[in-house]
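This is what each chain is made of:
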Amino acid sequence: MTPTLVSDPPGTARPPALACLERVAAALGTSPEVRALHAVPPQAGPHHDGKALLQAVVRGDRLGDLWNVLDTLVQSEVGAVLPGWRDRSVPDALESVHLVPQDDHLVRLRVRTVAAGTPAAEPPVGSRTLLDRSDEGGAPDRAPGDDPLPALLAAEHQREGDPAELLTETLVRLHVVHADARAGRSLEAYGGFTLMCTALRELLRVSLIAGAGPAPRAERYAAGWAGFDDTLALTPIGRLCRGELRALVAAGPPVDNAALARAAERVLRTAGHAAPAAVASLAGPTDSYRRYLHLD
């Protein structure tokens, strides 16, 4: 069965992000372990056409298998410009966020993976069902035993992100912040901006502090922001990164493209000081990111 979104009402513009949903859904739908697919298309309006959600309901015993290949699948089907960012803030699902080219801009595609037969498998509010195999025979949707999701979520939370992953998170969050700020959602933009700066802080912590060996007075810093100024001040690279991070925080959420370009370059410059290998590994993707956000 090939999943197809229902037709849009006559006379309405077809949001570009629907094409992304259809292509990923068609690939996922070829697997019999995928029991249902639900899509939340972009909202109407000029400031809501850049995000979409696809929920995949999977047999519980195959949930981890799909999660491990999801980024490769999205990359191959829709050519996401960055590796998928695994969002660990969602309490009842495995979710990844992908920036996908569509025409001359980027669509923020969130793919949610849930276990069949659990409350999380209910269709999201406002979604369209693309695929429903509930009436088909074959293996049961849910294998005997416990729900595998808590163990998978726990493993995600225990895994420390590497610099490349944290740089990807920072750039994805910057995309969200800019969309909110441009649309006048100032409180959402502020909240997202703090999360973006936190992701960049974690990149600095992982690269410059964690596992770097004992440093004078470094014991004053444990985690979070408390003591972070003093700890970065202990080394020349740390002081350089501290200056960049301070300037980024002082500038606030970027509202226009000029501010977005400055923020993106500051993020990449800061990451380049702390984790040059990670920045080099993402050189091609970050060039594409700049191009689709019209930053070059």
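(A) Structural context of the overall build of the protein chain. Check the secondary structure of the protein chain and you find 10 helices and six strands. Evaluated residue by residue, the protein chain yields a buried proportion of 47% over its 296 residues. Surface summary for the protein chain: the accessible area is close to 13800 Å², and the carbon and sulfur share equals 56%.

(B) Just helix 10 (residues 283-292), in detail. Of all the positions in helix 10, only Thr286, Ser288, Tyr289 and Arg290 are classed as buried. Packing partners of the buried residues in helix 10 comprise strand 4 (94-102), strand 5 (105-115), helix 4 (163-182) and helix 8 (257-274). Trailing helix 10 by a residue or two, His294 shows a phi angle of about 60°, which is positive.

(C) Looking closely at the side chain of Arg290. Note on placement: Arg290 falls in helix 10. Among the polar contacts listed, one links the side chain of Arg290 to the side chain of Glu265, at a separation of 2.6 Å.

(D) Quick look at the environment of Pro41. In this fold, Pro41 is placed in the loop between strand 1 (34-40) and strand 2 (51-58). Residues Pro41 and Ser127, 86 residues apart in the sequence, show an inter-C-alpha distance of 7.3 Å.

(E) Representation of the packing of helix 4 against helix 8 in the model. Put simply, helix 4 and helix 8 touch, their axes get as near as 11 Å, and they point 170° apart. It follows that helix 4 is roughly antiparallel to helix 8 by the angle criterion. Judged by the sense of rotation from one axis to the other, the crossing of helix 4 with helix 8 is right-handed. Between helix 4 and helix 8, the residues in contact are Leu167, Thr170, Leu171, Leu174 and His178 and Asn257, Leu260, Ala263, Ala264, Val267, Leu268 and Ala271, respectively.

(F) The arrangement of the packing of aromatic side chains in detail. Considering all chains together, one arrives at one aromatic pair under this definition. Ring geometry for Trp225 and Phe228: centres 6.0 Å apart, planes at 90°, overall edge-to-face. Using a relative accessible area of 40% as the deciding quantity, one classes Trp225 as partly exposed. Classification of Phe228 by relative accessible area gives buried; the value is 3%.

(G) Structural context of the sheet that holds strand 4. Spatially, six strands are ordered 3-4-5-2-1-6 in an open sheet, and the strand pairing comes out mixed. What marks the edges here is a single partner per strand, and that holds for strand 3 (85-87) and strand 6 (128-132). Averaged over all neighbouring strand pairs, the angle between strand axes comes to 25°, with direction disregarded. Across the face of the sheet, helix 4 comes into contact with strand 3, strand 4 and strand 5 while running at roughly 70° to strand 3.

Parameters and conventions
- Residues numbered from 1 in each chain as written.
- Predicted model: local features only at pLDDT ≥ 70, side-chain atom pairs only at ≥ 80, totals over all residues.
- Heavy atoms only, no water.
- Helix = DSSP H or I, 4+ residues; strand = E, 2+ residues; numbered from the N terminus.
- Buried < 20%, exposed > 50% of the residue type's maximum accessible area, 1.4 Å probe, protein only.
- Areas by Shrake-Rupley, 256 points an atom, 1.4 Å probe, with all protein chains shown as cover.
- Contact = heavy atoms within 4.5 Å.
- Polar contact = N/O pair within 3.5 Å; in protein donor to acceptor, adjacent residues only side chain to side chain.
- Axes fitted to C-alpha atoms, helices over the stretch in contact; angles between N-to-C directions.
- Parallel < 35°, antiparallel > 145°, perpendicular 65-115°, else oblique.
- Left-handed = near helix turned anticlockwise from the far one by under 90°.
- Phe/Tyr/Trp six-rings, centres within 6.5 Å; stacked < 30°, edge-to-face > 60°.
- Pairing = 2+ DSSP bridges.

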